[in-house]
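Chains, contacts and geometry: an overview
The residues making up each chain are set out below.
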2 protein chains.
Amino acid sequence: MTPPVFDAAAIERVATTDLVLDAVRDALIAHAKGQTTVPPPLHLQFPDADGDCHVKAGLVTGAHDFTVKIATGFYRNPAAGLSCQHGLVCVVSARTGQVRAILDDKGLLTSRRTAAAGALITHAMARPNAATLAVFGTGEQARLQVAWLAGLRPISTVLVHGRHPGRTRALCEEFTAQGHRARPASAEEAAGADMVLTTTPATSPVLQAVHVRPGTHVTGIGTDMPHKNELPPDLFARAALIATDDHEQCLDHGDFGHAVRAGATTATGDLPAGLLLDGPFARPDEAVTVADLTGVGALDAAVASAVLRELAR
Amino acid sequence: MTPPVFDAAAIERVATTDLVLDAVRDALIAHAKGQTTVPPPLHLQFPDADGDCHVKAGLVTGAHDFTVKIATGFYRNPAAGLSCQHGLVCVVSARTGQVRAILDDKGLLTSRRTAAAGALITHAMARPNAATLAVFGTGEQARLQVAWLAGLRPISTVLVHGRHPGRTRALCEEFTAQGHRARPASAEEAAGADMVLTTTPATSPVLQAVHVRPGTHVTGIGTDMPHKNELPPDLFARAALIATDDHEQCLDHGDFGHAVRAGATTATGDLPAGLLLDGPFARPDEAVTVADLTGVGALDAAVASAVLRELAR
């Protein structure tokens with residue numbers, strides 16, 4: 001018998017916001033407590049086709065399943081009418097090694113777990129009365145981060161900073177249609193919001209630390225490879241609290257690593273993001289806080305397991 | 001549309017000896033010439049279930065496809081009536097990143113490419129008139145290596161050395177039924193054959209270098225993790241020619257690495273196995289030669305690509 005393959009439509013039906021938030025919260029906490037296994041990812045580059053492939057595996061200790069996720073990005077695909085992103089998730093029994101199912105999710109679960117992690121950590125680290133939200137970038141994660149965070153706390157205004165004025169305006173219109181007050185903003189104005197989320201593939205910082213106000217929380221989710229960099233080192237120097245979703249990964253290829261290499265903070269200057277989800281913590285009102293999220297394989301495992309549990313009902 | 005899943009029976013029909021030998025020969029040669037991409041494998045351990053998972057990716061430069069292979073070994077499965085080995089091969093387009101197919105081969109292709117690599121290299125490196133073959137181990141690879149090598153050259157006698165007398169006798173009977181002259185042998189006698197193949201999961205050497213005669217060729221295929229070790233370092237010290245299927249892998253977790261760390265040979269003392277398949281080479285009749293094969297992801301890619309080409313006909 002070959003393992004069942006579930007398509008994106010079936011997966012989307014069961015991968016509800018509540019299911020993904022619960023799975024990601026639990027997995028981040030488990031990861032912070034060392035109750036996960038996340039081997040270094042496997043990478044392949046395809047320079048001739050402007051493509052890359054990442055393979056991530058993850059396991060939450062004691063879980064029935066683990067996952068191996070294949071994610072490709074081939075950036076000339078749109079010219080041929082194809083999506084850039086492809087891949088799938090194999091769910092494997094941690095008891096027998098049998099492949100239980102293949103989730104042909106077209107990247108849906110990665111998008112949702114990234115949105116969930118960003119929203120959960122931003123909500124946990126921002127001041128309770130933080131109300132204005134700025135998002136850098138106009139892609140899928142800009143949309144998702146705003147939507148998922150708005151599900152966790154009220155947002156008074158959404159400021160959007162993008163490189164392309166047309167896309168920026170269009171995204172503001174989408175947010176407005178969803179009931180938000182939203183408008184385009186300069187990088188300087190956006191950096192002055194109560195909560196700042198960066199969701200870009202930038203290779204140099206998208207904001208200046210001097211424009212970030214006391215009491216602000218900043219979450220960067222775009223820096224997932226060594227050549228990328230969204231947040232400036234001196235923002236980390238100012239931060240009273242730095243959270244990373246995975247210490248080693250963020251050191252290797254996150255904004256935290258850039259800051260450490262620039263001497264703006266020490267290599268032990270971060271806390272595991274999941275710890276901040278595991279109960280209340282003291283946050284000085286005037287403190288600047290920063291979260292660097294690079295994506296953890298254990299989150300994929302937790303979400304895929306939860307999805308498969310629903311699909312198998 | 002979800003990618004098609006092909007089962008082991010469909011794959012077995014098209015993965016003929018000729019198809020696998022051709023694909024493996026070409027891939028070993030390409031690998032020796034640096035025309036492949038093989039990132040370091042990803043490993044997961046499951047100590048509670050006595051299990052492990054290896055994920056290997058590979059690409060032959062210029063090929064249409066690459067592969068990501070998931071292979072698990074859960075060694076308590078037989079008690080539950082299950083096979084130890086599970087896994088599958090994802091064939092992905094190297095042009096678009098789309099998953100083209102899933103080969104649910106139950107380890108069949110790995111077994112066959114391992115058999116092909118062992119047989120090709122042993123045939124290429126043994127003296128032309130080498131006739132007696134000893135095999136250490138009584139598992140699937142012991143069977144396959146003998147069968148595939150016998151397809152490439154005549155074998156006068158097969159000596160089998162195993163830890164379990166019953167299994168050793170049973171394997172000899174199988175070989176006899178296939179038309180071979182076969183009998184159990186001590187480690188000392190087996191090490192004295194013209195061609196020696198080791199196919200065990202041993203963690204300490206299965207033969208002594210002093211029992212290996214001038215002119216003998218030895219191929220080790222069982223050492224695929226750092227704690228495993230089939231061939232003694234002093235065999236490498238005696239060898240006039242050492243071939244490795246992948247220099248870095250063999251240095252990291254092959255018998256070659258054990259020999260280098262023991263000071264029996266230098267870290268640059270090996271040649272790429274594929275070079276020896278790419279035309280005749282001078283082999284002194286009295287020389288001892290050794291091949292250390294750890295399994296290369298590019299071979300998986302080549303075999304899976306060739307299989308998918310046939311399945312898609």
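As the structure is a computational prediction, the values presented were derived from the model and not from experiment.

Residues and elements named next belong to chain B. Strand order in the open sheet formed by eight strands is 10-9-8-11-12-15-13-14, and the pairing between neighbours is parallel. Only two strands of the sheet have a single neighbouring strand rather than two, namely strand 10 (182–184) and strand 14 (271–272). The pairing of strand 8 (residues 132–136) with strand 11 (residues 195–198) spans four bridges and is parallel. Considered in strand 11, the bridge of Val 135 is made with Leu 197.

It is worth spelling out helix 3 (residues 108–125) of chain A at this point. End to end, helix 3 of chain A covers 26 Å across 18 residues, agreeing with the expected 26 Å (1.5 Å per residue, within 8%). Most of helix 3 of chain A sits inside the fold, with 15 of its 18 residues counted as buried.

Time to look at the sheet that holds strand 12 (residues 217–220) of chain A. Residue and element names in this part refer to chain A. Read across the sheet, eight strands follow the order 10-9-8-11-12-15-13-14 without closing on themselves; strand pairing throughout is parallel. The open sheet has two edge strands with one neighbour each: strand 10 (182–184) and strand 14 (271–272). Of the pairings in the sheet, the one linking strand 13 (residues 241–244) to strand 14 comprises two bridges and is parallel in character. Note that in strand 14 the partner of Ala 243 across the bridge is Leu 271. Strand contacts of helix 4 (residues 140–150): strand 8 (132–136), strand 9 (157–161) and strand 11 (195–198), with the helix running at about 160° to strand 8, the strand carrying the most contacts.

Let's shift gears to the interface of chain A and chain B. Taken together, the contact pairs 41 residues of chain A with 41 residues of chain B. Between chain A and chain B, a total of about 3,000 Å² is buried, with carbon and sulfur atoms accounting for 78% of that surface. Linking chain A to chain B there are zero salt bridges. If you look at where chain A meets chain B, you find six residue pairs in polar contact (both at pLDDT 80 or more).

Bringing the packing of aromatic side chains into the picture now. How two aromatic rings sit relative to each other is set out by the distance from centre to centre and by the angle between their planes. Under the definition given, this model contains six aromatic pairs over all chains. Geometrically, the ring pair formed by Phe 46 of chain A and Phe 74 of chain A is tilted, given 5.2 Å between the ring centres and 35° between the ring planes. Highlighted residues: Phe 46 of chain A in strand 3 (residues 42–46) and Phe 74 of chain A in strand 5 (residues 65–74), separated in sequence by 28 residues. Phe 74 of chain A carries the same exposure label as Phe 46 of chain A, and that label is buried. Every member of this aromatic cluster is reached through a ring pair, and the members are Phe 46 and Phe 74 of chain A together with Phe 66 of chain B.

Okay, the domain arrangement of chain A next. Residue and element names in this part refer to chain A. According to the domain assignment, chain A consists of domain 1 (5–109 + 298–311) and domain 2 (125–296). The C-alpha centroid of domain 2 is placed 24 Å from the C-alpha centroid of domain 1. Domain 1 puts 17 residues into the contact, and the matching count from domain 2 is 14 residues. Taken together, the two surfaces of domain 1 and domain 2 that pack against each other cover about 1,300 Å², and 70% of this comes from carbon and sulfur. Summed over the shared surface of domain 1 and domain 2, the number is one salt bridge. Between Lys 33 and Asp 278 there is a salt bridge whose closest N-O contact spans 3.2 Å. Taken together, domain 1 and domain 2 are joined by five residue pairs in polar contact (both at pLDDT 80 or more).

Right, let's get into the relation of the copies chain A and chain B. The operation relating the pair of chain copies consists of a rotation about an axis and a translation along that axis. Turning chain A through 179° and shifting it by 0.0 Å along the axis lays it on chain B, with an RMSD of 0.1 Å. Such a combination of rotation and displacement between the chain copies is what one expects of a two-fold axis. For chain A, the smallest separation between a C-alpha atom and the rotation axis is recorded for Leu 42 of chain A, amounting to 3.2 Å. The overlap is high: 100% of the interface residues of chain A also sit at the interface in chain B, so the same surface is used on both sides.

Attention now goes to the pairing of strand 13 (residues 241–244) of chain B. Residue and element names in this part refer to chain B. The alternating pattern of strand 13 places Leu 241 and Ala 243 on one face and Ile 242 and Thr 244 on the opposite face, and all of these are buried. Taken together, the four bridges between strand 13 and strand 15 (residues 289–292) define a ladder with parallel strand orientation. Each residue of the ladder has a partner; that of Thr 244, found in strand 15, is Asp 292.

Bringing the environment of Gly 215 of chain A into the picture now. Residue and element names in this part refer to chain A. Inspection of the secondary structure puts Gly 215 in the loop between strand 11 and strand 12. Overall, Gly 215 belongs to the buried group, its relative accessible area being 0%. Taking the C-alpha atoms as reference points, Gly 215 and Ala 119, separated by 96 residues in sequence, lie 18 Å from one another. If near-sequence neighbours (up to four positions away) are discounted, Gly 215 is found in contact with Arg 127, Asp 194, Arg 283, Asp 285, Glu 286, Ala 287 and Val 288.

Now for the environment of Val 135 of chain B. Residue and element names in this part refer to chain B. Looking at the secondary structure, you find Val 135 in strand 8. As a C-alpha pair, Val 135 and Leu 159 span 24 residues in sequence and 6.2 Å in three-dimensional space. Sequence-distant contacts of Val 135, that is, excluding residues within four places in its chain, are made with Ala 142, Val 146, Val 158, Leu 159, Val 160, His 161, Phe 175, Leu 197 and Thr 199.

So, on to the pattern of salt bridges. Throughout the structure, instances matching the rule amount to 24 salt bridges over all chains. Two residues, Lys 106 of chain B and Asp 104 of chain B, come together in a salt bridge whose shortest N-O distance is 3.2 Å. By relative accessible area, Lys 106 of chain B is classed as partly exposed at 41%. Close ionic contact of Lys 228 of chain B with Asp 224 of chain B constitutes a salt bridge, the shortest N to O distance being 2.9 Å. Three or more residues are tied together by salt bridges with common partners; here these are Lys 69, Arg 113 and Asp 300 of chain A.

The next thing to look at is the pairing of strand 8 of chain A. Residues and elements named next belong to chain A. Where burial is concerned, most of strand 8 is hidden: four out of the five residues are buried. Pairing between strand 8 and strand 9: five bridges, direction parallel. Directly across from Val 135, in strand 9, lies its bridge partner Val 160. Read as a crossover between parallel neighbours, the route from strand 8 over helix 4 to strand 9 is right-handed.

Conventions and cut-offs
- Residues numbered from 1 in each chain as written.
- Chains lettered and ligands numbered in written order.
- Predicted model: local features only at pLDDT ≥ 70, side-chain atom pairs only at ≥ 80, totals over all residues.
- Heavy atoms only, no water.
- Pairing = 2+ DSSP bridges.
- Helix = DSSP H or I, 4+ residues; strand = E, 2+ residues; numbered from the N terminus.
- Expected span 1.5 Å × (residues − 1).
- Buried < 20%, exposed > 50% of the residue type's maximum accessible area, 1.4 Å probe, protein only.
- Contact = heavy atoms within 4.5 Å.
- Axes fitted to C-alpha atoms, helices over the stretch in contact; angles between N-to-C directions.
- Buried area = accessible area lost by both parts, 1.4 Å probe.
- Salt bridge = Lys/Arg side-chain N within 4 Å of Asp/Glu carboxyl O.
- Polar contact = N/O pair within 3.5 Å; in protein donor to acceptor, adjacent residues only side chain to side chain.
- Phe/Tyr/Trp six-rings, centres within 6.5 Å; stacked < 30°, edge-to-face > 60°.
- Domains from an automatic or database assignment.
- Least-squares fit on C-alpha atoms with pLDDT ≥ 70 in both.
- Right-handed = clockwise from strand over helix to strand, strands pointing away.

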